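A closer look at the structure
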Protein chains: 2
Amino acid sequence: MTSTPTECRSRRLNVALGERSYPICIGPDQLGRAEPLRDWLPGNQALVVTNDTVADLYLDPVLTSLEGLHADALILPDGEAHKTVASCERIWDRLLQRRFERSCTVIALGGGVIGDLAGFAAAAYQRGVAFVQIPTTLLAQVDSSVGGKTGVNHPRGKNMIGAFHQPRGVIADTDVLATLPARELSAGLAEVIKYGLIRDPDFFVWLEDNLEALLARDTGALADTIERSCANKADVVAADEREQGVRATLNLGHTFGHAIETATGYSSWLHGEAVAAGMAMAAHLSADLGWLSEEEHHRVTALLRRAGLPLTPPQSMTPTQFLEIMAVDKKAQQGRIRLVLQQGIGRAIVTDSVPAERLRATLNHFTGGA
Amino acid sequence: MTSTPTECRSRRLNVALGERSYPICIGPDQLGRAEPLRDWLPGNQALVVTNDTVADLYLDPVLTSLEGLHADALILPDGEAHKTVASCERIWDRLLQRRFERSCTVIALGGGVIGDLAGFAAAAYQRGVAFVQIPTTLLAQVDSSVGGKTGVNHPRGKNMIGAFHQPRGVIADTDVLATLPARELSAGLAEVIKYGLIRDPDFFVWLEDNLEALLARDTGALADTIERSCANKADVVAADEREQGVRATLNLGHTFGHAIETATGYSSWLHGEAVAAGMAMAAHLSADLGWLSEEEHHRVTALLRRAGLPLTPPQSMTPTQFLEIMAVDKKAQQGRIRLVLQQGIGRAIVTDSVPAERLRATLNHFTGGA
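Bear in mind that the values here come from a model prediction, so they are computed numbers and not experimental data.

1. Let's talk about the overall build of chain A
Across its full length, chain A holds 12 helices and 12 strands. Dimensions of chain A along its principal axes, counting C-alpha atoms only, are 60 × 40 × 35 Å. Per-residue burial over chain A gives 54% buried out of 370 residues. Of all intrachain contacts in chain A linking residues separated by at least 6 positions in sequence, the fraction that spans at least 24 positions is 73%.

2. Digging into the environment of A:Gln166
Residues and elements named next belong to chain A. Its location among the elements puts glutamine 166 in the loop between β9 (157–164) and β10 (169–173). Classification of glutamine 166 as buried rests on a count of 22 C-beta atoms within 10 Å. Glutamine 166 sits 17 residues away from lysine 149 along the chain, and the two C-alpha atoms are 7.6 Å apart. With sequence-adjacent residues up to four places away left out, glutamine 166 is seen in contact with Leu17, Arg20, Tyr22 and Gly148.

3. A word on helix α6 (residues 201–215) of chain B
Residue and element names in this part refer to chain B. Look at α6: 20 Å from first C-alpha to last across 15 residues, which is about the 21 Å you get at 1.5 Å a residue. Residue aspartate 209 marks the point of greatest curvature in α6, where the axis turns by about 60°. Close packing links the buried residues of α6 with α5 (182–199), α7 (219–239) and α10 (294–306). Following α6 by one or two positions, arginine 217 adopts a phi angle in the positive range, close to 60°.

4. A few points about the pairing of strand β12 (residues 348–351) of chain A
Both strand β11 (residues 339–342) of chain A and β12(A) contribute to a ladder of 4 bridges, which runs antiparallel. Within β12(A), the position partnered with A:Leu339 by the bridge is A:Thr351.

5. A few points about unusual backbone geometry
Here the residue pair A:Glu35 and A:Pro36 is connected by a cis peptide bond, since its omega of 0° sits within 30 degrees of zero. Residue position: A:Pro36 is located in the loop between β3 (22–27) and β4 (45–51). A positive phi angle, close to 55°, is found at B:Asn159, a residue other than glycine. Tracing the backbone shows B:Asn159 in strand β8 (residues 157–164).

6. Side note on the sheet that holds strand β5 (residues 105–110) of chain B
Residue and element names in this part refer to chain B. Strand order across the open sheet formed by 7 strands is β1-β2-β9-β6-β5-β3-β4, with mixed pairing between neighbours. Of all the strands in the sheet, just β1 (11–15) and β4 (70–76) have a single pairing partner and so form its edges. Strand-to-strand, the axes of this sheet are offset by a mean angle of 15°, without reference to chain direction. Pairing of strand β6 (residues 130–135) with strand β9 (residues 169–173) involves 2 bridges; the strand directions are parallel. Within the sheet, the bridge partner assigned to glutamine 133 lies in β9 and is valine 170. Where helix α3 (residues 112–124) meets the sheet, its contacts fall on β3 (45–51), β5 and β6, and the angle it forms with β5 comes to roughly 170°.

7. Some details on helix α2 (residues 85–97) of chain B
The terminal C-alpha atoms of α2(B) lie 18 Å apart, and with 13 residues this matches the ideal 18 Å at 1.5 Å per residue to within 8%. The complete set of buried residues in α2(B) reads B:Ser87, B:Cys88, B:Ile91, B:Trp92 and B:Leu95. Buried residues in α2(B), looked at end-on, bunch into an arc of 145°, giving them a common side. What points out from α2(B), more than 90 degrees from its buried face, is the exposed set B:Ala86 and B:Gln97. Buried residues belonging to α2(B) abut β8 (149–154) and β9 of chain A together with β3, β4, α3 and β7 (149–154) of chain B. Positive phi shows up at B:Arg99, right after α2(B), with a value of about 55°.

8. Here's the deal with the interface of chain B and chain A
Each partner contributes residues to the interface: chain B has 29 residues there, and chain A has 29 residues. Counting residues per element, the ones that place at least two in the side of chain B that touches chain A are α2, α3, β7 and β8 of chain B. A total of 6 residues in the side of chain B that touches chain A trace back to one element, the largest contributor, which is β8(B). Of the residues contributing to the side of chain B that touches chain A, the split by class is 13 nonpolar, 8 polar and 8 charged.

9. Points about the relation of the copies chain B and chain A
Take chain B, turn it by 180°, move it 0.0 Å along the axis, and it overlays chain A with an RMSD of 0.0 Å. A rotation of that kind, with that shift, is consistent with a two-fold axis.

10. Some points on the nonpolar core
Counting residues in hydrophobic clusters, the biggest one holds 232 residues, and the most contacted among them are A:Val49, A:Ala121, B:Val49 and B:Ala121. Leave out the neighbours within four places in its chain, and B:Val49 touches B:Leu74, B:Leu76, B:Ile91, B:Val106, B:Ile107, B:Ala108, B:Leu109, B:Ile114 and B:Ala118.

11. Quick word on the environment of B:Asp209
Secondary-structure assignment places B:Asp209 in helix α6. Considered as a pair, B:Asp209 and B:Arg338 are 129 residues apart in the sequence and their alpha carbons are 33 Å apart.

12. Thoughts on the packing of α5(B) against α7(B)
Residue and element names in this part refer to chain B. Contact geometry for α5 and α7: axes closest at 10 Å, N-to-C directions at 50°. Between α5 and α7, the angle falls in the class oblique. Considering how the two elements wind past one another, α5 and α7 form a crossing that is left-handed. Residue-level contacts link Val192, Tyr195 and Arg199 of α5 to Thr225, Ser229, Asn232 and Lys233 of α7.

13. As for the domain arrangement of chain A
All names here are of chain A. Along its sequence, chain A is carved into domain 1 (2–179) and domain 2 (182–367). Summarising the inter-unit geometry, the C-alpha centres of domain 1 and domain 2 are found 25 Å apart. Counting residues per element, the side of domain 1 that touches domain 2 draws most heavily on helix α4 (residues 138–144), at 5 residues. Residue composition of the side of domain 1 that touches domain 2, grouped by class: 16 nonpolar, 9 polar and 5 charged.

14. Focus: the environment of B:Ala307
By the secondary structure assignment, B:Ala307 is in the loop between α10 and α11 (319–327). Not counting chain neighbours up to four residues away, the residues in contact with B:Ala307 comprise B:Ser186, B:Leu189, B:Ala190, B:Ile193 and B:Leu211.

15. Quick look at the confidence of the model for chain A
Residue and element names in this part refer to chain A. This prediction gives chain A a mean pLDDT of 92; 95% of its residues lie at or above 70. Segment residues 1–8 is flagged for pLDDT under 50; beyond a separation of four residues in sequence, or across chains, it makes 15 contacts in the model. Both scores are given for the predicted complex: the pTM is 0.88, the ipTM 0.86.

16. Some points on the pairing of β4(A)
Residues and elements named next belong to chain A. In terms of residue burial, β4 counts as a mostly covered element, since 7 of its 7 residues are buried. Neither face of β4 is open: one carries Gln45, Leu47, Val49 and Asn51, the other Ala46, Val48 and Thr50, and all of them are buried. Relative to strand β5 (residues 70–76), β4 runs parallel, the two being bridged by 7 bridges. Paired with valine 48 across the two strands is alanine 73, which belongs to β5. This β-α-β element, β4 to helix α1 (residues 52–65) to β5, shows right-handed connectivity.

Rules of the game
- Residues numbered from 1 in each chain as written.
- Chains lettered and ligands numbered in written order.
- Predicted model: local features only at pLDDT ≥ 70, side-chain atom pairs only at ≥ 80, totals over all residues.
- Helix = DSSP H or I, 4+ residues; strand = E, 2+ residues; numbered from the N terminus.
- Buried ≥ 20, exposed ≤ 12 C-beta atoms within 10 Å, placed from the backbone.
- Contact = placed C-beta atoms within 7 Å.
- Expected span 1.5 Å × (residues − 1).
- Bend = angle between axes of the 7 residues up to and from the residue.
- Pairing = 2+ DSSP bridges.
- Axes fitted to C-alpha atoms, helices over the stretch in contact; angles between N-to-C directions.
- Arc of directions from axis to C-beta.
- Nonpolar A, V, L, I, M, F, W, Y, C, P; charged D, E, K, R; others polar.
- Least-squares fit on C-alpha atoms with pLDDT ≥ 70 in both.
- Core = buried A, V, L, I, M, F, W, Y, C linked by C-beta atoms within 7 Å.
- Parallel < 35°, antiparallel > 145°, perpendicular 65-115°, else oblique.
- Left-handed = near helix turned anticlockwise from the far one by under 90°.
- Domains from an automatic or database assignment.
- pLDDT = per-residue confidence, 0-100.
- Right-handed = clockwise from strand over helix to strand, strands pointing away.

Here you go:
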């Protein structure tokens, strides 16, 4: 992690993926600067894809930084409900309407929904054009902007249609977090806590010590958190870009969490909230299997609670509903549900051999059964 | 090219793409055999995607060869007009409805339209699942089943949405060509002739000598032709998988041809027919620029004519219409139209520096101008 003043005023982290390697620039005062953004564009055409909430706040400075190029913006409605093939088609229509060529760039300005959606649109347009991420939520800064997973939802499952498509670069401006609603800040912290849980026990302790500073939006603490989280994710992704092995541990809380999001129609729960409840469920099951001590289990739920995150799924959900949705999850294999569970704080394992009655017991515990 | 009796009764050609390498099995009596097809499936779920014309003829033997697995078939309407995102969504819906997992396989049974469409659906389903091609037209056997290009059309341009996604294997059964309409056989020969024109002058001469045998569907001549064509394409693709350079020469006749297909709504012209007219236009322009002798120009048009192919675009098209569609072609760069032209028979070059008035003169010649 070296600082390169001319390109990146703040910290610069490299995601090492061979010829697909790219930088993440982390720090204040990034939006509106021409560099490094313009260096990442292979041509002079750029489409900024954003949503109506973010556009009001940050579209102007981004378009200013692209002045003199053939730049256009497409503003989509805000929300996970719009992460669909239909929204992709709106992006493709605009790109073609403007006669954007193979050398064009799609710039995602927004949270994880915009990043996933615009990333897939870029992956498929003319079989793949350049893509830049400007994440505007903590969750997108620490999670979805690193790793190249793109995609859209299907009524039968989350992120079912997509591609692996690495960005040319990511700009994580800590200033944008000042306007982030408290609920979204908490949702981002869920993924942050996850890195501590799956592979970085020192970071978990650091979070226990610094959570109040993060909730108070201390700029330094936020930049430290983004950098440490991205470094953790980048390590995992570099080791396993296509999720053949260790990358699956990044899905801690996600199998339960995706079931919650699917059951609630991707609308009322934020992704990070669903992951938090999912991590609480995974911790419970891990403790039940004797893999997590009661004291560790307590530390997990305590930190999630302090971060303002939900610890239980919606009470309307049943164990059967969970099982049905989880069986069609991308992580399922031969109909067996694969779960990421914990063996202590800082160590995650992927398993498809949890006894069915233990899984059901956890689901009963969290839903009231039936 | 070695023969491996247990896996591939006939000829087996390897497309060398490192870890994405795959075999093409060429010869009679391939359909309905369990091997090598079943060896290529990573799991036990397979969806055969086909069209109503092909399903009547060949779906049963393919499903028989998958007996005992979780196999399903989706029959789409025949024709280029159905190579759309909407058809992809039908494939994704079916895969999800059947709870097909990441280890499933999509098998394309049909011509180029089915291959391109099912290939893109496979590339994007759960960010990429296994894919097998069983091409049932000569064109698909010699062209679209080799190289990993997948995609669908957009009203504003052909193949605008897609992915590079290599198959696990290709089965080119020469028996299926017995039922191929004469017009489709000719359309396939257009791509065959293209390999002679761009890089294999000996093959061009061989085609001049053996065209009647091919039109009479001589099995040996057809197998020779498929093997030589696939070998040519495989060489080019191995040298340049993502079309950064030499692969673009495979687009001889395609820039003009795509304009014809776009103008006619992808319905009345077969792809190979449009490419044939496009190659005749490219030969005319090459001769006009002094790159092709009049004698060579004549040999090109003579062979295309003997193959039963059209040598001119629809008379309803205007030069302006060509130029407008060609400007938004994937091969365009910075608004400059890139063309593949010939420098003699057996040598193609990619150029974006043809003087505008020479291009317009050729367009005028073929359309009557205006």
